[in-house]
Amino acid sequence: MASSSKTLRTCSNGHQYYKSSDCPTCPICENERKPDDGFMSLLSAPARRALKHHGITSLHELSQYTEKEILAFHGMGPKSMPILRNALQEKGLSFKNLSI
């Protein structure tokens, strides 16, 4: 297995970090953007970015989508779904159901 070498990078905010992938996201900036509370604070950075990219910032907005639609978002993985389901249930909400 070939090991990938990490390169030193500097983001636009001046943070220096090492990355082995071509992902341009600064982990220090991402950590600073993480909310302290709410359902978004429970999610990984890619999952948070996926929801924000689609304009979803509240549980009510999230409840307007099916689980399948959410999973189709780039950055959203199956590990996030139980977290989202639980957050919705705590507020008496659920994902949109497609009934026939």
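Our structure's up above, just so we're on the same page.
Just so you know, these numbers come straight off a predicted model, no measurement behind them.

Enquirer: Explain the packing of aromatic side chains here, please?
Expert: In this description, an aromatic ring pair is defined by two values, namely the gap between the centres and the angle between the planes. Taken as a whole and assessed by the stated rule, the structure comprises 1 aromatic pair. Measuring from ring centre to ring centre gives 5.8 Å for Tyr 65 and Phe 73, while their planes differ by 80 degrees; the resulting arrangement is edge-to-face.

Enquirer: When you look at helix H5 (residues 80-90) in this model, what are you seeing that I'm missing?
Expert: Think of an α-helix as turning once every 3.6 residues; residues three or four places apart then point the same way. For H5, the complete set of buried residues consists of Ser 80, Met 81, Leu 84, Ala 87 and Leu 88. Projected down its long axis, H5 shows its buried positions confined to an angular sector of 130 degrees, all on one face. Turned more than 90 degrees away from the buried face of H5 sit Gln 89 and Glu 90, all of them exposed. Taken together, the buried residues of H5 touch helix H2 (45-53), helix H3 (59-62) and helix H4 (67-71).

Enquirer: Would you explain the side chain of His 15 in this entry?
Expert: Within the secondary structure, His 15 is located in the loop between strand S1 (7-10) and strand S2 (16-19). If we ignore the near neighbours within four places in the chain, the residues touching His 15 are Arg 9, Thr 10, Cys 26, Ile 28, Cys 29 and Glu 32.

Enquirer: Just to check I follow, could you spell out the nonpolar core for this structure?
Expert: Here is a general trend for soluble globular proteins: nonpolar side chains tend to be buried in one another's company. In this structure, Phe 39, Leu 51, Leu 62, Ile 70, Met 76 and Leu 84 are the most contacted members of the largest nonpolar core, which totals 17 residues. Mapped by element, the contributors of at least two residues to this core are H2, H3 and H5. With 4 residues, H5 is the single largest residue contributor to this core. Setting aside residues up to four positions removed in sequence, Met 76 forms contacts with Ala 47, Ala 50, Leu 51, Ile 70, Leu 71 and Leu 84.

The rules behind these values
Residues numbered from 1 in each chain as written. Predicted model: local features only at pLDDT ≥ 70, side-chain atom pairs only at ≥ 80, totals over all residues. Heavy atoms only, no water. Phe/Tyr/Trp six-rings, centres within 6.5 Å; stacked < 30°, edge-to-face > 60°. Buried < 20%, exposed > 50% of the residue type's maximum accessible area, 1.4 Å probe, protein only. Helix = DSSP H or I, 4+ residues; strand = E, 2+ residues; numbered from the N terminus. Arc of directions from axis to C-beta. Contact = heavy atoms within 4.5 Å. Core = buried A, V, L, I, M, F, W, Y, C linked by side-chain atoms within 4.5 Å.

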